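Okay, here's what each chain looks like letter by letter:
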Amino acid sequence: MFTTNFAPRFRSARLRTLGLVAAILVAAGALQLFDANPAASQTLRLTAYAASSDPGTDPNHKAWNDAVPVQVPLTAQLGAYSAGGGSIPTVNAKALHVDNRLLIRVEWADKTQDESTTRVQDFADAVAVEFPSRAATSVPAICMGQADAGVNIWHWRADSQKGFQEPAQVYAGSQVDMYPSRDTLFFTARAAGNPYANPEAGPVQTLVSQTFGTLTAATVQDVKGNGVYSNGNWAVVFERAYTGADGNQAAFADGAKTDMAFAVWNGSEGDRNGRKSVSQFVQLSIMGGDAPGAGGTNKLTVFLAIGLLIGLSGLGVALATGGSRVAERNR
Amino acid sequence: MTALPRPASSGVSRGIVGPLTAGLAAAALTELLILRTFTRTAVHIPALEALAGPYEVISEVGRFAYFVTVVLLLAALPVLALTLARGDARLRAGSVAIAVFLGGAAIARLNGSELLSAAAILGATALLAGVAASGLRRRAALPWTVFGAATIAAGANILLQQPGMPGRGDADAVRGFLTAAEYLGLAFAMMTPLFAGGLPGTKLQAVAIVAGAMAFAGMLAAPTVRILLLWNQGFSGSLPAAVYGVAAAGITAALLALWVRGRRAECIGLLLVAAGGMGLQSTYQSALVVAGLALVASVRPSPGVD
Amino acid sequence: MAKVRNWQLGREMDYRYENGKAKRQFAAVFNINRCIACQTCTMACKSTWTFSPGQELMWWNNVETKPYGGYPQNWDLKILDLQEKANPGGQVWNATKKDTKTAPYGTFEGKTIFETANQTDQMATGYIPPEADWKSPNIYEDTATRFVKEGVSLPEHSGWFFYLQRICNHCTYPACLAACPRNAVYKREEDGIVLIDQGRCRGYRKCVEACPYKKSMYRPSTRTSEKCIGCYPRVEGTDPLTEGLPMETRCMTACIGKIRLQGLVQVGDDGLWIEDRQNPLYYLVQVAKVALPLYPQFGTQPNVYYIPPRWVPRDYLRQMFGPGVDDAIAAYENPSRETLAVLQLFRATQSIIFSYKVQQGPKTGELKIGGQTREIFDDVAIGYDSKGREIVRVAVHEPVIERQGALAFAMNTI
């Protein structure tokens, strides 16, 4: 039926097609121009509510009891790893805000407390959170523009928190004749301004990775942090004012949303650098108001959602099994 | 007796669905390659400062491809819904699923209940997978049934952690569902040749094996490949690299087989599903999957023809 | 992975980066035969660079007793073992596939540490020696393979040991550099010295793991890794002491056994040494072929060359220095007039000798070695600095001076 009157139809069809294609491209261009993205992120959401009292950097402060946690699954970044999987499978994340400061609490299970890097073969436990430097709200769905905007990483290390140890502290009875000088000059990395070598630096390093640069320490180190190990669990708190001291860094505000990701290093597994457990992007949402009451979402929504899911997928299963039986029979 | 015109092949929509979905697949693949793959990894390439200019251009092209895909999705989903609505009861269920999906996506965009939107999108995807399976013989239907299950399992992680959900935040349940999703998702990829009606010819099998070997090598060699698989397709990459190689070979073989057997629409449908991945990442990626499933459902072979 | 030419292996090999642009390369020749393990070099280095907190176990220069000693302990055996496990039975040389310039020792047909690595978390096969391995830098000092009551004799001693002097090899294809994910390790264009940027290092210890010679060392007091810096201010001639002229490193100039000669050689884009016939290092390594690289089979193209100890069983030496051992020992035992003259330049001056001349002298004696008659000439070797000025002049025959008068009397009566 399509072969009749082929020639004249062809021309008009071609014109119509061209018009359609042009319309699509123009529409896409307009969306891009105005940064109007109809899609939405559907990842895990970590919500930061206002804290009932200021917990500071204490991971065990009671204010954290009210914060609702999310379990963020992690996966190994490395192909070859010794323990048969990213050795830390999930982190439990919470967020609060108080006085225009954002607090992130990360807790994970780790049988070994690795906080010394005195011996050459020892690596420390660590955790990092990563944000796009420019809140990627325009296209949250696929976190695009991440490379364009660079990322901002807050990196807590157990060994940085513990501080440097000298042989006499580590090995009882060890003896050193003398050190001719304790000048910073002879701690070469300190003299070179390497933040990891600086005994004055806190346990959290602020790092930026710009579009094409590699990971570098931020000019201003303004993230505070504290980790506590107990009962086979690390709990680490990060704290920073909404607005970073350095323009390259992620900025937050009441009501803002941004993507974030987690990474955990397990020192006893030799984790360092890219050898770590890393999460998918989750969405961090900063709520202006107080934490909701124990009720949270109303029951009707929960019932509706569960009903919708079970109803639709049940119908799907019925169709899949029943339908293919019919197809089989028709054959 | 002449064969009844197949529901999906009548009317204006047939003329539009083909080019629309083909364009959609092309745009989505461009977006996947540039935006979700290149720009996410470029930051890790050292000493590329010199190429900042070309990078910006490529990145903008990727953004444009993304928006073209979005516009095409917005056009294709209603058209697919209309097409399905003209079919029998089963297909009409598919059009309802698309409507439910659009509703869920709208709720997500308007910052409504995350629980509701996630449930709607997961339910709609599972239902469409069922519709896609319904017109097929049991063996060919199997991968789609598995895909539906994988979607639910992968999305359960997010559903389970919504406020008000029973058993909320149970780490073991989260891990259990994610492990199940990993196995189901891989099983789906490996089973897709069943849907395609068997493996393609020897030469194309070789192509599929090469694709699988490349995926295997990538998983072994580059940590970034695992991260991309997690961020793009929702797989944690926790199983041995060889499994992912086999899965990649399977889905490549299925795509090639569908293409050479003239089942182009179904090939495009499968491609869209693969580009979207499993579980919940964004309404954009879910929409790719929904469009792919609807396309597969709309061109099911007529009874008696295989 | 790029393909680079490794002339010590006589073939191309895989390396993470393209061939570097080092125009001149730090290189040295160590004459193992003359070393008495006095450790003056070791202390010269220690007292210059590694005397501060956190560097207690750090010896950029060390002298170990082979075959049992090692710093860190068993470093070479462990790497040889890893390599053998990765390529069982395949780590062999083909000594017949030779070329004077591109394959002077033959062709290595096994795999380098780069070629056996998985290229995921390891760019080069290696391991991190645990702390205990670094604690006894001179373990098994002077320990021979066995005690021989009746004594030993050449050409191969039945009970033996020898001293191995080790610094960073400032390799042409450094494994530490390939392994660093931070690009903190770099190789200088001007002299090929390999350095770790102390500002960028984050203490991942990938270089400690990858360096087959274990000359990257971790320093807990700064959480970074440090390594031999080739005394670069001296080599540059920027150290005030050098008065602007390139000068040999501390460990070289401190050597009282006169076993060391260090300098700079010219390297082409293909990684081969550019012909520089009158450079003493070029002469010893490329012309006389009397000095050999340490474990060339690792594939890093190390730049410290050793005159092998002539009393040691050849199998052991071939494993350590490659198939060039027999020729090198022959060239050392029965040196040409030129080789004998160049050997006199070792430790004759602190400045780097860029070229030499040999002034022929009269015949002064005859020796019978292995049934062959050897004539000895009192030739004079003259060394020139980077600007072509004469800096040293030494004769094959050391002048003998008898002390006269009161001093002689005093010396004799003690």
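Residues numbered from 1 in each chain as written. Chains lettered and ligands numbered in written order. Predicted model: local features only at pLDDT ≥ 70, side-chain atom pairs only at ≥ 80, totals over all residues. Heavy atoms only, no water.

What to know about the overall build of chain A
- Of the regular secondary structure elements, chain A holds seven helices and 13 strands.
- Within chain A, the proportion of its 331 residues that are buried is 50%.
- Sequence-distant contacts, at least 24 apart, represent 68% of the contacts inside chain A between residues at least 6 apart. (Helix = DSSP H or I, 4+ residues; strand = E, 2+ residues; numbered from the N terminus. Buried < 20%, exposed > 50% of the residue type's maximum accessible area, 1.4 Å probe, protein only. Contact = heavy atoms within 4.5 Å.)

Let's talk about the overall build of chain C
- The helix and strand inventory of chain C stands at twelve helices and 19 strands.
- Of all 414 residues assigned to chain C, the portion counted as buried reaches 60%.
- Taking contacts inside chain C between residues at least 6 apart in sequence as the whole, the part at least 24 apart equals 65%.
- Total accessible area computed for chain C in this model is approximately 16600 Å², and 52% of it derives from carbon and sulfur atoms. (Areas by Shrake-Rupley, 256 points an atom, 1.4 Å probe, with all protein chains shown as cover.)

Observations concerning the side chain of C:Thr253
Residue and element names in this part refer to chain C.
- Within the secondary structure, Thr 253 sits in helix H7 (residues 250-253).
- Under the relative-accessibility criterion, Thr 253 is labelled buried at 17%.
- Within the structure, Thr 253 has its side chain in polar contact with the side chain of Arg 234 (distance 3.3 Å).
- For Thr 253, the side chain forms a polar contact with the main-chain oxygen of Arg 250, separated by 3.3 Å.
- Here Thr 253 is in contact with Arg 234, Glu 248, Arg 347 and Gln 350, once residues within four sequence places are set aside. (Polar contact = N/O pair within 3.5 Å; in protein donor to acceptor, adjacent residues only side chain to side chain.)

Describing the side chain of A:Ser285
- Examined against the element boundaries, A:Ser285 turns out to sit in strand E13 (residues 282-290).
- Sequence-distant contacts of A:Ser285, defined by excluding residues within four places in its chain, comprise A:Arg45, A:Leu46, A:Thr47, A:Ala48, A:Ala256 and A:Lys257.

A word on the packing of aromatic side chains
Residues and elements named next belong to chain C.
- All chains considered together, the criterion is met by 36 aromatic pairs over all chains.
- With a centroid separation of 5.7 Å and 90° between ring planes, the pair formed by Trp 75 and Tyr 295 is classed as edge-to-face. Highlighted residues: Trp 75 in helix H2 (residues 75-86) and Tyr 295 in the loop between strand E13 (292-293) and strand E14 (304-307), separated in sequence by 220 residues.
- A relative accessible area of 0% places Trp 75 in the buried class.
- The buried category is assigned to Tyr 295, whose relative accessible area is 0%.
- Connected via pairs of aromatic rings, a cluster forms that spans Trp 7, Tyr 105, Trp 273, Tyr 282 and Tyr 305.
- Geometry around Phe 30 places Arg 260 over its ring, the cationic atom sitting 4.1 Å from the centre. (Phe/Tyr/Trp six-rings, centres within 6.5 Å; stacked < 30°, edge-to-face > 60°. Lys NZ or Arg CZ within 6 Å of the ring centre and 35° of its normal.)

Section: the packing of helix H3 (residues 89-109) of chain B against helix H11 (residues 283-298) of chain B
All names here are of chain B.
- Interaxial distance between H3 and H11 falls to 11 Å at its minimum, and their mutual angle equals 170°. Taken as axis vectors, H3 and H11 run roughly antiparallel relative to one another. Mapping the contact onto sequence places Leu 91, Ile 98, Phe 101, Ala 105 and Ala 108 in H3 and Thr 283, Ser 286, Ala 287, Val 290, Ala 294 and Ala 297 in H11. (Axes fitted to C-alpha atoms, helices over the stretch in contact; angles between N-to-C directions. Parallel < 35°, antiparallel > 145°, perpendicular 65-115°, else oblique.)

Quick word on the state of the cysteines
Residue and element names in this part refer to chain C.
- The tally for this structure, following the rule as stated, stands at zero disulfides over all chains.
- Of the cysteine sulfurs around Cys 41, a residue in no disulfide, the closest is that of Cys 38, at 6.2 Å.
- For Cys 228, which is in no disulfide, the shortest distance to another cysteine sulfur is to Cys 168 and amounts to 5.0 Å. (Disulfide = S-S within 2.5 Å.)

Notes on the sheet that holds strand E15 (residues 355-359) of chain C
All names here are of chain C.
- The three strands are arranged E15-E18-E19 in an open sheet whose pairing can be described as antiparallel. Since the sheet does not close on itself, it has two edges, and those belong to E15 and strand E19 (390-395), each with one partner. Mean inter-strand twist for the sheet, computed between neighbouring axes without regard to direction, equals 20°. (Pairing = 2+ DSSP bridges.)

A word on the pattern of salt bridges
- Counting across every chain of the model gives 38 salt bridges over all chains.
- The salt bridge involving C:Glu209 is made with A:Arg272; its shortest N-O contact spans 3.0 Å. With C:Glu209 in helix H5 (residues 206-210) and A:Arg272 in the loop between strand E11 (257-265) and strand E12 (277-279), this residue pair bridges two chains.
- Residue classification places A:Arg272 among the buried residues on the basis of a relative accessible area of 11%. (Salt bridge = Lys/Arg side-chain N within 4 Å of Asp/Glu carboxyl O.)

Considering the pairing of strand E7 (residues 162-166) of chain C
- Taking burial as the measure, the five residues of E7(C) include five buried ones, the bulk of the element.
- Neither face of E7(C) is open: one carries C:Phe162, C:Leu164 and C:Arg166, the other C:Tyr163 and C:Gln165, and all of them are buried.

Considerations on the sheet that holds strand E3 (residues 24-31) of chain C
Residue and element names in this part refer to chain C.
- Reading across from one edge, E12-E3-E14-E13 is the order of the four strands in this open sheet, with mixed pairing throughout. What marks the edges here is a single partner per strand, and that holds for strand E12 (260-266) and E13.
- On the sheet, helix H8 (residues 280-287) packs against E3, E12 and E14 and is oriented at approximately 90° with respect to E12.

Observations regarding the nonpolar core
- With 135 residues, the main nonpolar core has A:Ile104, A:Trp108, A:Trp154, A:Phe238, A:Phe262, A:Leu284 and B:Trp144 as its most contacted residues.
- Residues C:Ile196, C:Trp273, C:Leu281 and C:Ala291 belong to the second largest nonpolar core, which totals 113 residues. (Core = buried A, V, L, I, M, F, W, Y, C linked by side-chain atoms within 4.5 Å.)

Brief notes about the confidence of the model for chain A
- Scored by pLDDT, chain A comes out at a mean of 80, with 80% of its residues at no less than 70.
- Counted against residues more than four places away or in other chains, residues 135-147 of chain A, with its pLDDT under 50, gives 48 contacts. (pLDDT = per-residue confidence, 0-100.)

Notes on unusual backbone geometry
- Omega for the bond connecting C:Lys66 with C:Pro67 falls within 30 degrees of zero, at 10°, which places this linkage in the cis form.
- The residue C:Pro67 is located in the loop between strand E4 (62-66) and H2 in this model.

Looking at the packing of helix H6 (residues 171-195) of chain B against helix H9 (residues 241-260) of chain B
Residues and elements named next belong to chain B.
- Running from N to C, H6 and H9 point in directions that differ by 35°, and their axes come no closer than 7 Å. Once H6 is placed against H9, the crossing between them reads as left-handed. Contact with H6, carried on its side by Glu 182, Leu 186, Phe 188, Ala 189, Met 190, Thr 192, Pro 193 and Phe 195, involves Val 243, Tyr 244, Val 246, Ala 247, Gly 250, Ile 251, Ala 254 and Leu 258 of H9 and no other residues of that element.
- Taken together, the residues of the contact of H6 with H9 sort by class into 13 nonpolar, two polar and one charged. (Left-handed = near helix turned anticlockwise from the far one by under 90°. Nonpolar A, V, L, I, M, F, W, Y, C, P; charged D, E, K, R; others polar.)

Some remarks on the environment of C:Ile259
Residue and element names in this part refer to chain C.
- Positionally, Ile 259 belongs in the loop between H7 and E12.
- Judged by relative accessible area, Ile 259 falls into the buried class, the value being 2%.
- The spatial distance from the C-alpha of Ile 259 to the C-alpha of Val 29 is 8.0 Å, given a sequence separation of 230 residues.
- If near-sequence neighbours (up to four positions away) are discounted, Ile 259 is found in contact with Val 29, Phe 30, Asn 31, Arg 34, Cys 35, Gln 165 and Phe 346.

What about H3(B)?
- Relative to the 30 Å expected for 21 residues at 1.5 Å per residue, H3(B) spans 30 Å between its end C-alpha atoms, a close match to the ideal helical length.
- Among the residues making up H3(B), those that are buried are B:Leu91, B:Ala93, B:Gly94, B:Ser95, B:Ala97, B:Ile98, B:Phe101, B:Gly104, B:Ala105 and B:Ala108. (Expected span 1.5 Å × (residues − 1).)

Comments concerning the pairing of strand E1 (residues 2-6) of chain C
All names here are of chain C.
- Alternating residues of E1 divide into Ala 2, Val 4 and Asn 6, all buried, and Lys 3 and Arg 5, none buried.
- Of the strand pairs in this sheet, E1 and strand E2 (residues 11-15) are connected by five bridges, and their pairing is antiparallel. Bridging across to E2, Lys 3 finds its partner in Asp 14.
- Here E1 hands over to E2 after four residues, with Gly 10 in that stretch at a positive phi of 70°.

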